[in-house]
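# Structural overview
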Number of protein chains: 2
Amino acid sequence: MAKGNLFVVTAPSGAGKTTLVAALLAADQNVQLSVSFTTRAARPGEVDGKDYHFVSREVFEQMIHNGDFLEHAEVYGNYYGTSQTWINTAIDTGRDILLEIDWQGAAQVRRLFPEAIGLFILPPSVEILEQRLKNRGKDSDEVIERRMRVAKEEISHVEEFDYVIVNEHIDEAVRDIVSAVRAERLKLHRQSTRHQTLISSLKA
Amino acid sequence: MAKGNLFVVTAPSGAGKTTLVAALLAADQNVQLSVSFTTRAARPGEVDGKDYHFVSREVFEQMIHNGDFLEHAEVYGNYYGTSQTWINTAIDTGRDILLEIDWQGAAQVRRLFPEAIGLFILPPSVEILEQRLKNRGKDSDEVIERRMRVAKEEISHVEEFDYVIVNEHIDEAVRDIVSAVRAERLKLHRQSTRHQTLISSLKA
């Protein structure tokens, strides 16, 4: 049995996901972001295997064909995807892997990886959500309305997740996400794998 | 649905349960120990409703008859028990209640209160367990051996619990128990109850 966990983090934009995930990664050395596969060209400074796994269209399509992707999508003519093999290898070493993904990607992951743990981040109120979406720049009302619709669509899937974090006070929300990740490691099935020898010797 | 959680904490003696629970209670104002009912007389300084609920033998036996106890036991001629009614009232207010109990009590609680969350604390090795049991005083080998047998009997029930904490480094173990309690509050079913209005308004 794998020793690490796969976490899926989903949120409407404006919920503060990026900040929370960055704080989690800083606080917990055992969690790392999933490294996606992509067919787009590496940008200056991007490192293969760290920022992305850069592969050709042929390789990517072969991986699709082999059923290797937990989820994948084509965006502006480039493929992006999360390799099941890569995730499995990573969590087998005991590390926890975190995927930042929308509700549709999360649903795909759940189908192929039912033991994935879903975390959903909510803004503390409709007003604050609207305000955060407005603060992003000088956008037309129409653009902001569309963003609100997309955010609400995302939020309508909150019940598909295991943990819900309301990001009202950032310090509290950081403690929440850090606690959820830490607690999942303490679950019986995880600890039974990790401390098999200890438990056997203590029962003997 | 109740807003708070019921936690059951079990450990062999020598695992450091008392220290861990004290640290949890100090760190988290939302958790409190369950207040047991007892038929024994209050000792000087003990406060009714705080240390125990002190009741007569007749009242206690009536409560047994009514099926009010999640678990109860008679020790040296006095009854001790955990009232289901009391727990339900306490968690309905949103507080988390913690029960320190042995594996048999935990099994009784689980039968009547399946949503109780079980935490089991393990010592980091057989050697350390033995050492901790010896350090309690100048006991005969026979007494220590009996303690080890009781401890191992307790540990043989670890698989009945939801979370397992290995108390190797006290600071880490404190963070573990605090995280497990905090994370349980973030579970979907808990947050759906607590943030019902928020979630409805965000989806609308």
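For the structure, check the block above.
The notes below deal with the structure included here. As the structure is a prediction and not an experimental result, all values here were calculated from the model.

## Details of the relation of the copies chain B and chain A
For the match of chain B to chain A, the screw axis carries a shift of 0.0 Å, the RMSD comes to 0.0 Å, and the turn is 180°. A rotation of that kind, with that shift, is consistent with a two-fold axis. Relative to the rotation axis, the closest C-alpha in chain B is found at S179 of chain B, a distance of 2.2 Å. The overlap is high: 100% of the interface residues of chain B also sit at the interface in chain A, so the same surface is used on both sides.

## Structural notes on the packing of helix α5 (residues 126-134) of chain B against helix α6 (residues 141-155) of chain B
Residues and elements named next belong to chain B. It is at 10 Å that the axes of α5 and α6 come closest, and there the two elements cross at 130°. Relative to α6, α5 is oriented oblique. At the point where α5 passes α6, the crossing takes the right-handed sense. Counting all contacts with α5, which are made through V126, L129, E130, L133 and K134, the residues of α6 involved are I144, R147, M148, A151 and I155. Tallied by class, the residues present in the contact of α5 with α6 amount to seven nonpolar, no polar and three charged.

## Comments concerning the sheet that holds strand β8 (residues 117-122) of chain B
Residue and element names in this part refer to chain B. Pairing within the open sheet is parallel, and its five strands lie in the order β2-β7-β1-β8-β9. Looking at strand neighbours, the two that pair on one side only are β2 (31-33) and β9 (163-166), the edges of this open sheet. Here the strands of the sheet are splayed against their neighbours by 25° on average, with no regard to which way each runs. Judged from the four bridges that link them, strand β1 (residues 6-10) and strand β7 (residues 96-100) form a sheet pairing that is parallel. From the neighbouring strand, V9 faces β7, where its bridge partner is E100.

What counts, and at which threshold
- Residues numbered from 1 in each chain as written.
- Chains lettered and ligands numbered in written order.
- Predicted model: local features only at pLDDT ≥ 70, side-chain atom pairs only at ≥ 80, totals over all residues.
- Heavy atoms only, no water.
- Least-squares fit on C-alpha atoms with pLDDT ≥ 70 in both.
- Contact = heavy atoms within 4.5 Å.
- Axes fitted to C-alpha atoms, helices over the stretch in contact; angles between N-to-C directions.
- Helix = DSSP H or I, 4+ residues; strand = E, 2+ residues; numbered from the N terminus.
- Parallel < 35°, antiparallel > 145°, perpendicular 65-115°, else oblique.
- Left-handed = near helix turned anticlockwise from the far one by under 90°.
- Nonpolar A, V, L, I, M, F, W, Y, C, P; charged D, E, K, R; others polar.
- Pairing = 2+ DSSP bridges.

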